[in-house]
Amino acid sequence: MHAPATPAPLTGERPRDWRDEARALIALAAPLVGANLLQMGVYAIDVVFVARLGTVEFAAATLGVFLYSLVMWALISLATACAPLIAAELGRRRHAVREVRRSFRMALWLAVVAAIPFSLLLLFGERLFLLAGQDPRVAVRAGAFLDILVLALVPSLFAAVMRTVAAALGRPGWAVGVTTMALGVGLLFNWLLVFGNLGFPALGLEGSAIASVVTTVAMMLAYAAILCLDPKLRRYRLFGRWWRSEWSRCVEIARIGVPIALTMTMEAGLFGGAALLMGLIGVTEVAAHAIALNIAALAFQIPLGVAQAATIRVGMGYGARDRDWVTRAGWTAIVLGTGVMVVTAVMMWTIPRWLIAIYVDVDAPAERVVVALAVQYLAVGAVFQLFDGAQAVAAGVLRGLQDTRVPMVIAGLGYWIAGFGTAVLLGFWAGWDGVGIWAGLAAGLVVVSILLIWRWSARDRLRLSIARTD
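Within the protein one finds 17 helices and zero strands. A compact globule built from 470 residues should have a C-alpha radius of gyration of about 23 Å, and the protein, at 22 Å, falls within 12% of that. In terms of overall dimensions, the protein has C-alpha extents of about 70 × 50 × 35 Å along its principal axes. As presented, the protein carries roughly 20300 Å² of accessible surface, and 69% of it is formed by carbon and sulfur atoms. Averaged over its 38 positive side-chain charges, the protein has a centre that lies 12 Å from the centre of its 27 negative ones.

In structure tokens, the structure reads:
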């Protein structure tokens, strides 16, 4: 009689059955989901403090954060493409320590190399916003904000890589602790520097940017300490020979990561473009859109965490050249990620006003139109919740197979032709206004999710399931 298998990302043990895989996936995904939700809180702190500085400052911070976040998440997607490589190496169990260290080291190198040109781009934030037709007052302040915030770019990339590697090596729980710490640091330094408490200078918008830099550096240092001190992580000596180049490994990470970065940019661009379309309709629609989208984004953190875990679990089966493991890991993640979104969809459909009340007073006469529009948008959002979860996890499992180029093409077709095209058609030509734009978002997510799941289902016919031999 065989002893029960204990799946562990650190050792790459094969799950015995579907139940074992589900336990392993949940153990890996739960901390990542928690950290993602806490990260939303870190971002919310900045909004709360800056919103009190006035309309111009708040608009400047909104523009600055949008541009910075677009760059940051694209580069994080690029650098953390080391995850499927590390997972495959653990699945192979072949020189895992040395191979993991190489992937980690070159992911950090790639992060620095990629960050240099984009950091220079962010330093021209004022000019970019002026070219985009923004109010000159807002553009000036947004530029000043970005001049400081750009210092957080490389630390944020390093922190993301270290968090990803810690999770892949079986220590995802550290992400919750570090992000909780970041929440406290962000709250403290915003309180000290934005309004000048405890004798600190009142720096306003610049103070918020400095607080973000301090918070990000604190996260980076915390993860570095964890990788060096945690008994199960330090044996990898991840910072050993950090000066030694492995350009073939760097190219391999870039090969997987560039399509992921472009996919993320196209998805973020769709939602950013939807906000611009809302602005053509009216200010009230923009406010309602922002509220509804924040609620949807909060719910999205759950399948996002599942997708991050799925990349690792599928990648381990892929590296082990085990089709059954790949199948169990992938379908378990898709069912879990999509199933959870059933709950969030029901909430959006049945108690939208309760959710909107987190952001505005739903009983205030001045907010009546905003609330009514947000309720309509959430009704559409409830419909596409399932597809949003499905596309996120499907993309994650395909990344575990190191399949990123075709999913990138699917994202381009789905988000920009089906999604944005439908938003323009229904929002303006059909006269559906904001509801039409949200229907366009739904259309894009539906198309992408269906095509990604089809590709996952056809993985054996497409010869994606088995890792190449060296």
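Structure's up, so let's keep going.
Before going further, it helps to spend a moment on the packing of aromatic side chains. Tallied over the full model, the rule gives eight aromatic pairs. Both rings, one in Phe104 and one in Phe239, keep their centres 5.4 Å apart while their planes meet at 85 degrees; by these two values the pair is edge-to-face. In this pair, Phe104 is assigned in helix 4 (residues 96-122) and Phe239 in the loop between helix 10 (231-234) and helix 11 (247-281), connecting sequence segments 135 residues apart. Pairing Tyr377 with Trp438 gives two aromatic rings, centres 5.8 Å apart and planes at 10 degrees, and the pair type is stacked.

With that out of the way, let us pick up a nonpolar patch on the surface. Side chains of Val112, Ile116, Phe118, Leu120, Leu121, Leu123, Phe124, Leu128 and Leu131 sit close together on the surface and give an oily, nonpolar patch of about 800 Å² of accessible area. Those elements that place two or more of their residues in the nonpolar patch are helix 4 and helix 5 (125-131). Here the nonpolar patch gets five residues from one element, more than from any other, and that element is helix 4. Of note, Leu121 is situated in helix 4.

A few words on the packing of helix 1 (residues 18-50) against helix 8 (residues 173-193). Viewed as axis vectors pointing N to C, helix 1 and helix 8 meet at an angle of 5 degrees, and their least axial separation amounts to 8 Å. On the basis of their axis angle, the class for helix 1 and helix 8 is roughly parallel. Residue-level inspection shows Pro31, Gly34, Ala35, Leu38, Gln39, Gly41, Val42, Ile45, Asp46 and Phe49 of helix 1 in contact with helix 8, the latter providing Gly173, Ala175, Val176, Thr179, Thr180, Ala182, Leu183, Gly186, Leu187, Asn190 and Trp191. Looking at side-chain class alone, the contact of helix 1 with helix 8 contains twelve nonpolar, eight polar and one charged residues.

Here we come to the side chain of Glu57. Tracing the chain through its elements places Glu57 in helix 2 (residues 55-79). Among residues more than four places away in sequence, those in contact with Glu57 are Val50, Arg141 and Leu205.

This part is about the pattern of salt bridges. Evaluated as defined, the whole model comprises 18 salt bridges. One salt bridge connects Arg16 with Asp20, and the closest N-O pair in it is separated by 3.9 Å. By relative accessible area, which is 43% here, Arg16 ends up partly exposed. A salt bridge links Glu246 to Arg105; its shortest N-O distance comes to 3.5 Å. Separated by 141 residues along the polypeptide, Glu246 in the loop between helix 10 and helix 11 and Arg105 in helix 4 bring together distant segments of the chain. Residues Glu246 and Arg105 agree in their burial class; the two are buried. Each of Glu89, Glu99, Arg102, Arg105, Arg244, Glu246, Arg249 and Glu252 takes part in one network of salt bridges that share partners.

Another aspect to go through is unusual backbone geometry. A positive phi is found at Arg237, a non-glycine position, where the angle reads about 45 degrees. A relative accessible area of 52% places Arg237 in the exposed class. In this structure, Asp433 takes a positive phi of about 55 degrees despite not being glycine. Mapping Asp433 onto the fold places it in helix 17 (residues 433-457). Taking relative accessible area as the criterion, Asp433 reaches 39% and is therefore assigned partly exposed.

Residues three or four positions apart in an α-helix share a direction because the helix packs 3.6 residues into each turn. Over its 33 residues, helix 15 (residues 368-400) runs 46 Å from end to end, which matches the ideal 48 Å to within 8%, given 1.5 Å per residue. The largest bend in helix 15 is about 45 degrees, located at Phe384. Of the residues trailing helix 15, Gln402 is marked for its positive phi of about 60 degrees.

Within the secondary structure, Thr332 is located in helix 13 (residues 323-350). Setting aside its immediate chain neighbours within four residues, Thr332 contacts Trp18, Glu21, Ala22 and Leu25.

This paragraph deals with the nonpolar core. Membership of the largest hydrophobic core comes to 136 residues, with the highest contact counts inside it found for Leu169 and Ile356. The element that contributes the greatest number of residues to this core is helix 15, accounting for 14 residues. If we ignore the near neighbours within four places in the chain, the residues touching Ile356 are Ile291, Ile295, Val362, Val371, Ala374, Val375 and Leu378.

With respect to the secondary-structure elements, Met348 resides in helix 13. Along the sequence, Met348 and Tyr377 sit 29 residues apart, while their C-alpha atoms lie 9.6 Å from each other. Look past the residues within four positions of Met348 in its chain and what remains in contact with it is Ile295, Ala296, Ala299, Leu355, Leu378, Gly381, Ala382 and Gln385.

With that settled, the discussion passes to helix 7 (residues 153-168). Over its 16 residues, helix 7 extends 23 Å from the first C-alpha to the last, a length consistent with the 22 Å expected when each residue adds 1.5 Å. Of all 16 residues in helix 7, 15 are buried; the element is thus mostly enclosed. Within two residues after helix 7, Gly170 carries a phi angle of roughly 95 degrees, on the positive side.

One can describe the packing of helix 3 (residues 82-92) onto helix 7 by two numbers: an axis separation of 10 Å at closest approach and a directional angle of 25 degrees. What the angle tells us is that helix 3 and helix 7 run roughly parallel. Two packed elements cross with a definite hand, and for helix 3 against helix 7 that hand is right-handed. Residues Cys82, Ala83, Ile86 and Leu90 of helix 3 form the contact with helix 7, whose own contacting residues are Val161, Thr164, Val165 and Ala168.

Analysis parameters
- Counting restarts for each chain, with residues numbered from 1 along the sequence as it is written.
- The predicted origin of the model limits local features to residues at a pLDDT of at least 70 and limits the giving and counting of side-chain atom pairs to 80 or more, whereas totals for whole chains, interfaces and linings rest on all residues.
- Side-chain calculation: all heavy atoms of the structure are included, whereas hydrogens and water are not.
- Where helices and strands are cited, they refer to DSSP runs of H or I of at least four residues and of E of at least two residues respectively, numbered from the N terminus.
- Radius of gyration here uses only the C-alpha atoms, and the compact-globule reference equals 2.2 Å multiplied by the residue count raised to the power 0.38.
- Note on areas: Shrake-Rupley with a 1.4 Å probe; residue coverage comes only from the protein chains shown.
- When charges are tallied, Lys and Arg are placed among the positive residues and Asp and Glu among the negative ones, while His and the ends of the chain are skipped.
- The location of each charge is read from NZ of Lys, CZ of Arg, CG of Asp or CD of Glu.
- To pair, rings of Phe, Tyr and Trp, with the six-membered ring standing in for Trp, must have centres within 6.5 Å; the planes then decide the type, stacked if under 30 degrees apart, edge-to-face if over 60, and tilted in the middle.
- For patch building, the residue pool is restricted to those with more than 30% relative accessible area and no salt bridge; the joining distance is 9 Å between like charges and 5 Å between nonpolar side chains (Val, Leu, Ile, Met, Phe, Trp, Tyr).
- What counts as a salt bridge is simple: a side-chain nitrogen of Lys or Arg found within 4 Å of a carboxyl oxygen of Asp or Glu.
- For helices, the axis comes from a line fit to the C-alpha atoms of the stretch in contact; other axes are also lines fit to C-alpha atoms, and the angle between any two N-to-C directions lies between 0 and 180 degrees.
- Angle categories: roughly parallel below 35 degrees, roughly antiparallel above 145, roughly perpendicular from 65 to 115, and oblique for all the rest.
- Note on definitions: a residue-residue contact is assigned when non-hydrogen atoms from the two residues lie within 4.5 Å.
- Lys, Arg, Asp and Glu make up the charged group, whereas Ala, Val, Leu, Ile, Met, Phe, Trp, Tyr, Cys and Pro make up the nonpolar group; the residues left over, Gly among them, are polar.
- We call a residue buried when its accessible area falls under 20% of the maximum for its residue type, exposed when it is over 50%, and partly exposed in between, using a 1.4 Å probe and counting protein chains only.
- By this rule, a helix spans an expected 1.5 Å times one less than how many residues it contains.
- At any given residue, the bend is defined as the angle formed between two axes, one fitted to the seven residues that end at that position and one fitted to the seven that begin there.
- To qualify as a nonpolar core, a set must consist of buried Ala, Val, Leu, Ile, Met, Phe, Trp, Tyr and Cys residues joined through side-chain atoms within 4.5 Å.
- Left-handed describes a crossing in which the near helix is turned anticlockwise from the far one by less than a right angle; the clockwise case is right-handed.

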